[in-house]
Every structure is written in C-alpha cells, then in structure tokens.
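The residues making up each chain are set out below.
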Amino acid sequence: MTSSATAPTISTQPGNVSIVSGNTATFTVSAGGTAPLTYQWQKNGTAVMGATAASYTTPAESVSDTGAKFAVVVTNYSGSVTSANATLSVTATSPVAD
C-alpha cells in the first residue's frame, strides 16, 4: 500500500492584530498536510525576509503601518496554499477603557 502526500491546508487563519505604536505584532497560522511544511510570511504581498515559521513577530511598528496586510504561504512537496490576509492596526496610544 502506498501513501500519497497531502497538499497543505490551513486550519486556523492568521487573525487581525491591534497594537500601540512602537510595539511588535505576532501573526500565527495553523496548517496541516504532509511534512515537511515550509512557511513564508508576506507583508502587503511582499515576502518578509527570515519570516519562515508558523508564527511571525513584526519589528516595532508605527502608525504608518496601519492597514498593512499579512499573509503566509504554506508549501510542501504536493503544493502550496496562501492564507487569508490579516490586517494590522496601529494606534498612537493605548485605547481608553470605557
């Protein structure tokens, strides 16, 4: 009996993240499929150098980064899948509690 490799699938998409300016943001994905799986995070459609794990922590972000879209491409020998975009929101100060 032979087993065939299963193309990657994303079971948990990265979620939107809100941070205060000067902080980092972490995006995480859960993927399945035949190992080994490789990951490549993208910011606004451009590969982020060195961002090749199931989670990605950005450098300190500024308000100008609000609206940036982060996604990850998960690849194995059978193919690849791209996650949905997660949006980064950066505020200048901490939100005020109601």
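Above this text sits the structure in question.
Quantities reported herein were computed from a predicted structural model and do not represent experimental measurements.

1. Digging into the overall build of the protein
At step 1: Within the protein, the regular secondary structure consists of 0 helices and 10 strands.
At step 2: Its helices and strands in sequence order give the protein the pattern β-β-β-β-β-β-β-β-β-β, from N to C terminus.
At step 3: Summarising its shape, the C-alpha atoms of the protein cover approximately 60 × 30 × 15 Å along the three principal directions.
At step 4: Counting the 98 residues in the protein, one finds 30% classified as buried.
At step 5: Across the protein, every contact between residues at least 6 apart in sequence was considered, and the portion connecting residues at least 24 apart equals 61%.
At step 6: For the protein, the exposed area adds up to about 5800 Å²; of that, 54% sits on carbon and sulfur atoms.

2. Thoughts on the nonpolar core
At step 1: Residues Phe-27, Trp-41 and Leu-88 are the most contacted members of the largest nonpolar core, which totals 18 residues.
At step 2: When residues of this core are traced back to their parent elements, those giving at least two are strand E2 (17-20), strand E5 (38-43), strand E8 (69-76) and strand E10 (86-91).
At step 3: For Leu-88, the contacting residues outside a window of four places in its chain are Val-17, Ile-19, Ala-25, Phe-27, Glu-61, Asp-65, Thr-66, Gly-67, Ala-68 and Phe-70.

3. So, the side chain of Asn-76
At step 1: Tracing the backbone through its elements, the reader meets Asn-76 in strand E8.
At step 2: Overall, the relative accessible area of 10% leaves Asn-76 in the buried class.
At step 3: Separated by 2.8 Å, the side chain of Asn-76 and the backbone nitrogen of Ser-78 make a polar contact.
At step 4: Those residues in contact with Asn-76, other than ones at most four positions away along the chain, are Thr-6, Ala-7, Pro-8, Gly-33, Thr-34, Pro-36 and Leu-37.

4. Comments concerning unusual backbone geometry
At step 1: Omega for the bond connecting Ala-35 with Pro-36 falls within 30 degrees of zero, at 0 degrees, which places this linkage in the cis form.
At step 2: Of note in the backbone geometry, Asn-44 takes a positive phi value of approximately 50 degrees without being a glycine.
At step 3: By relative accessible area, Asn-44 is classed as partly exposed at 49%.

The rules behind the values
- Residues numbered from 1 in each chain as written.
- Predicted model: local features only at pLDDT ≥ 70, side-chain atom pairs only at ≥ 80, totals over all residues.
- Heavy atoms only, no water.
- Helix = DSSP H or I, 4+ residues; strand = E, 2+ residues; numbered from the N terminus.
- Buried < 20%, exposed > 50% of the residue type's maximum accessible area, 1.4 Å probe, protein only.
- Contact = heavy atoms within 4.5 Å.
- Areas by Shrake-Rupley, 256 points an atom, 1.4 Å probe, with all protein chains shown as cover.
- Core = buried A, V, L, I, M, F, W, Y, C linked by side-chain atoms within 4.5 Å.
- Polar contact = N/O pair within 3.5 Å; in protein donor to acceptor, adjacent residues only side chain to side chain.

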